[in-house]
Amino acid sequence: MMQRLLQFTFDFFESAPAAPTTHSAGVDKSSPQPVQQVPAPASFAHPRATRQAMLDGIPVAYAFKRGKRRTIGFSVCADGLAVSAPKWVPLYEIDKAVLEKSDWILKKLQQTRERHARLESARIDWKDGVTLPFLGQMMTVLIDPHHAFGNAGAELKPSAAEALTLHVSLPHSATPEQLRDAVQAWLMRQARRIFTERLDHFSPPLGVRWRKLSLSSAGTRWGSASADGAIRLNWRLVHFKLPVLDYVVVHELSHLRVMDHSPRFWDTVREVVPDYAQLRGQLRDEGIPRW
Ligand SMILES: [Zn+2]
């Protein structure tokens, strides 16, 4: 009964994956020590940092959390380093574990920072002739006042091989914001059409039924699924080629069968998308332009 009242929702975030490390600290269950407040700034500083380590001469301030877990976990995302540990592990053991992991931590922090810089430089300059990816193909956006009285707002036309042109019905005097909004409206319509088609396509082989689709635009969240069959997908997935988009659709539909990220979940995904690991990597590594 309780199960029915609770709504299980699983989201996934394609930031650098956490690499939990096994830890075999002794049974020192002495009273928990207060978490030390460490002042910013540092070379790498998590916005919610409460502890700091000196790794290879570089100060790294990280978010630290105690929880119900058996190992010390490390994760690096756009914010920085986060460390979580079982309640009973003393702080000096955590300091030691962070030091032992320093190569991995510094490498991941550096990679994440570089990726962020790359995405920043890919910010879209909204003007006639701007290009952006649509289903993995380059699409050129053209302002086309001759379409001004149509009702669709924009129309896609194939140009050269592997290239697309989106004719947007706006006057040449349109502002960058008007152009961006018109393109976004068109992309969101495409997203809803494509997602619906792909959800219908993959539901039967997975033996699940989805109920409702909503579009999201949250920063790094690509999708989520609720136990009641509601699926949320980020409309910006339409920038990726179809197999990558399909992976996310299958990922969320698989949650209607397995509501966690256990080996059984990944087996379910693999049944339908055998090369999911590679597609997942593309989703993470191929930045999409900044909106
Ligand atoms: Zn998931």
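Residues numbered from 1 in each chain as written. Predicted model: local features only at pLDDT ≥ 70, side-chain atom pairs only at ≥ 80, totals over all residues. Heavy atoms only, no water.

A. Quick look at unusual backbone geometry. Positive phi is not limited to glycine here, since Asp-56 has a value of about 55°. Phi at Leu-135 is positive, roughly 50°, even though this residue is not glycine. Residue position: Leu-135 is located in the loop between β7 (131–134) and β8 (137–143). (Helix = DSSP H or I, 4+ residues; strand = E, 2+ residues; numbered from the N terminus.)

B. A look at the coordination of the zinc ion. The coordination sphere of the zinc ion contains the protein donors His-251 (NE2), His-255 (NE2) and His-261 (NE2), at a distance range of 2.0 Å. In this structure His-251 comes out as buried when scored by relative accessible area, which is 1%. For His-255, a relative accessible area of 0% translates into the label buried. (Donors = N, O, S within 2.8 Å, 3.2 Å for Na, K, Ca; no water. Buried < 20%, exposed > 50% of the residue type's maximum accessible area, 1.4 Å probe, protein only.)

C. Representation of the environment of Pro-171 in the model. Structurally, Pro-171 is set in the loop between β10 (163–168) and α4 (176–206). By relative accessible area, which is 43% here, Pro-171 ends up partly exposed. Placed 25 residues apart in sequence, Pro-171 and His-146 show a C-alpha to C-alpha distance of 8.5 Å. When near neighbours in sequence (up to four residues on either side) are disregarded, Pro-171 contacts Ile-143 and Pro-145. (Contact = heavy atoms within 4.5 Å.)

D. Layout of the pairing of strand β3 (residues 51–55). Judged by which residues are buried, β3 turns out to be one-sided: Arg-51, Ala-53 and Leu-55 face inward and are buried, whereas Gln-52 and Met-54, on the alternate face, are not. The turn joining β3 and strand β4 (residues 58–67), which pair antiparallel and follow one another in sequence, is formed by two residues; a positive phi near 55° is taken by Asp-56. (Pairing = 2+ DSSP bridges.)

E. Geometry of the packing of aromatic side chains. Applying the stated criterion across every chain, the model contains seven aromatic pairs. Centroid distance Phe-134 to Trp-186: 5.1 Å. Interplanar angle 55°. Geometry classified as tilted. In this pair, Phe-134 is assigned in strand β7 and Trp-186 in helix α4, connecting sequence segments 52 residues apart. Classification of Trp-186 as buried rests on a relative accessible area of 5%. Taking 4.9 Å as the distance between ring centres and 80° as the angle between the ring planes, the aromatic pair formed by Phe-265 and Trp-266 counts as edge-to-face. When its relative accessible area of 0% is taken as the criterion, Phe-265 is described as buried. Here Trp-266 falls in the buried class, since its relative accessible area comes to 13%. (Phe/Tyr/Trp six-rings, centres within 6.5 Å; stacked < 30°, edge-to-face > 60°.)

F. Local environment of the pattern of salt bridges. Under the defined criterion, the tally for this structure stands at ten salt bridges. Across the pair Arg-48 and Asp-79 runs a salt bridge whose closest N-O atoms are separated by 3.9 Å. Of this pair, Arg-48 sits in the loop between β2 (44–45) and β3 while Asp-79 sits in the loop between β5 (73–77) and β6 (80–86), and the two are 31 residues apart along the sequence. Its salt-bridge partner being Lys-96, residue Glu-93 comes within 3.8 Å of it at the nearest N-O pair. You can see Glu-93 and its partner Lys-96 sitting in helix α2 (residues 91–100), three residues apart, about one turn around the helix. (Salt bridge = Lys/Arg side-chain N within 4 Å of Asp/Glu carboxyl O.)

G. Seen up close, the side chain of Thr-268. Tracing the backbone shows Thr-268 in helix α6 (residues 263–272). Excluding residues that lie within four positions of it along the chain, Thr-268 makes contacts with Leu-206, Ser-254, Arg-257 and Val-258.

H. The packing of helix α5 (residues 242–255) against α6, seen in detail. The geometry of α5 relative to α6 is characterised by a closest axis approach of 9 Å and an angle of 135° between their N-to-C directions. The angle between α5 and α6 places the two elements in the oblique class. When the axes of α5 and α6 are compared, the crossing they make is right-handed. Residue-level contacts link Tyr-247, Val-250, His-251, Ser-254 and His-255 of α5 to Phe-265, Trp-266, Thr-268, Val-269 and Val-272 of α6. Along the lines of polarity and charge, the residues of the contact of α5 with α6 split into six nonpolar, four polar and no charged. (Axes fitted to C-alpha atoms, helices over the stretch in contact; angles between N-to-C directions. Parallel < 35°, antiparallel > 145°, perpendicular 65-115°, else oblique. Left-handed = near helix turned anticlockwise from the far one by under 90°. Nonpolar A, V, L, I, M, F, W, Y, C, P; charged D, E, K, R; others polar.)

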